[in-house]
Amino acid sequence: MTTEKEPDENDTTSVRPETDAFVLDVMLGKLAVHLRLAGYDTAYAGDRDIEADDRILELADAEDRILLTRDVELAERADDSILLTKRDVESQLVELREAGVKLEADEEPSRCGRCNGRLDAVPEDADTPEYAPDPADTDCWCCRDCGQVFWKGSHYERMKKALD
C-alpha cells in the first residue's frame, strides 16, 4: 500500500514508521545517506547491484523494509511504500516528513553513510586513518562493516541542516 499524506502545515508531529528499515530504489542514492544519518536502517538497491523492480520488491519483503521510490508503478506493487515525486534531496526529505517520517540527525551517529553498517565510538587512545581527526580531540565513529571512520565535520553539519 502506498503511503500518501496531504501536507498539514500546522502538524508538527512526526514519528518513525513501525519499521525503522527502508529500501531505496536506484533513483534515490543521495537520500540513503541522509536517512542513515537519521539512524534509519537504509538499504540502497544500487549498493546491492539490484536494479530490477521484482528484485527490489523481493528485498523489501524479505527484510521487512518500506520501499521508497519515485516509480509510481513500483510503489503500487509494493506492500508498503512511500512514493516520492521530487528530484532533489531536500524536497524528498520534506515529502518524507509530510508522510510522517521523523527526520533528525542522531546525536550519536549509529549508521554508516557509505554502507549502512553499524557504527561504534572510536576510543580516545585509538589510532585513526590519516584522513580522520585524532579521537582524543574529536569524537569519531567507525563502521563495523567497511571500517570507514566518521566524525561530525562540515559534511555532517550540512546534512543535519537539510534534515532540520
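Residues numbered from 1 in each chain as written. Predicted model: local features only at pLDDT ≥ 70, side-chain atom pairs only at ≥ 80, totals over all residues. Heavy atoms only, no water.

The next point concerns the sheet that holds strand β8 (residues 149–151). Each strand in a sheet pairs with its neighbour through backbone hydrogen bonds, running either in the same direction (parallel) or in the opposite one (antiparallel). The strand order across the open sheet formed by 3 strands is β6-β7-β8, and the pairing between neighbours is antiparallel. Each edge of the sheet is formed by a strand with only one pairing partner; in this case those strands are β6 (119–121) and β8. Between one strand axis and the next, the sheet turns by 35 degrees as a mean value, whatever way the strands run. (Pairing = 2+ DSSP bridges. Helix = DSSP H or I, 4+ residues; strand = E, 2+ residues; numbered from the N terminus. Axes fitted to C-alpha atoms, helices over the stretch in contact; angles between N-to-C directions.)

The pLDDT averaged across the protein works out to 88; a share of 88% of its residues lies at or above 70. The low-confidence segment residues 1–16, where pLDDT is below 50, has 29 contacts with residues more than four positions distant or belonging to other chains. (pLDDT = per-residue confidence, 0-100. Contact = heavy atoms within 4.5 Å.)

Relative to the elements of secondary structure, D71 occurs in the loop between β4 (66–69) and α3 (72–77). Taking relative accessible area as the criterion, D71 reaches 23% and is therefore assigned partly exposed. Residues D71 and M27 lie 44 residues apart in sequence; the distance between their C-alpha atoms is 8.8 Å. Those residues in contact with D71, other than ones at most four positions away along the chain, are D25, M27, D53 and L83. Looking at D71, its side chain comes within polar contact range of the main-chain nitrogen of L74, at 3.0 Å. (Buried < 20%, exposed > 50% of the residue type's maximum accessible area, 1.4 Å probe, protein only. Polar contact = N/O pair within 3.5 Å; in protein donor to acceptor, adjacent residues only side chain to side chain.)

Ranked by size, the top nonpolar core spans 25 residues in total, and within it L24, L31, L35, L68 and L96 carry the most contacts. Elements represented by at least two residues in this core include exactly β2 (21–24), α1 (29–37), β4, α4 (89–98) and α5 (154–163). Beyond its immediate stretch of four places on either side in the chain, L31 contacts L24, L68, L84, V89, Q92, L93 and L96. A45, L57, A60 and A78 belong to the second largest nonpolar core, which has 11 residues in total. (Core = buried A, V, L, I, M, F, W, Y, C linked by side-chain atoms within 4.5 Å.)

Two elements, β6 and strand β7 (residues 140–143), share 3 bridges in a ladder whose sense is antiparallel. From the neighbouring strand, L119 faces β7, where its bridge partner is C143. Pairing of β7 with β8 involves 3 bridges; the strand directions are antiparallel. Across the sheet, residue C140 finds its bridge partner in β8, namely W151. Taken together, β7 and the strand that follows it, β8, pair antiparallel across an intervening segment of 5 residues, in which G147 is found at a positive phi of about 80 degrees.

All told, the structure shown has 9 salt bridges when counted by the stated rule. With a closest N to O distance of 3.0 Å, D41 and R65 form a salt bridge. Here R65 lies in the loop between α2 (53–62) and β4 and D41 lies in strand β3 (residues 41–44), a separation of 24 residues in the sequence. For R65, a relative accessible area of 9% corresponds to the buried category. In this structure, the salt-bridge partner of K102 is E104, at a minimum N-O distance of 3.6 Å. Several salt bridges share partner residues, and in doing so they unite D41, R48, E63, R65 and R111 into one network. (Salt bridge = Lys/Arg side-chain N within 4 Å of Asp/Glu carboxyl O.)

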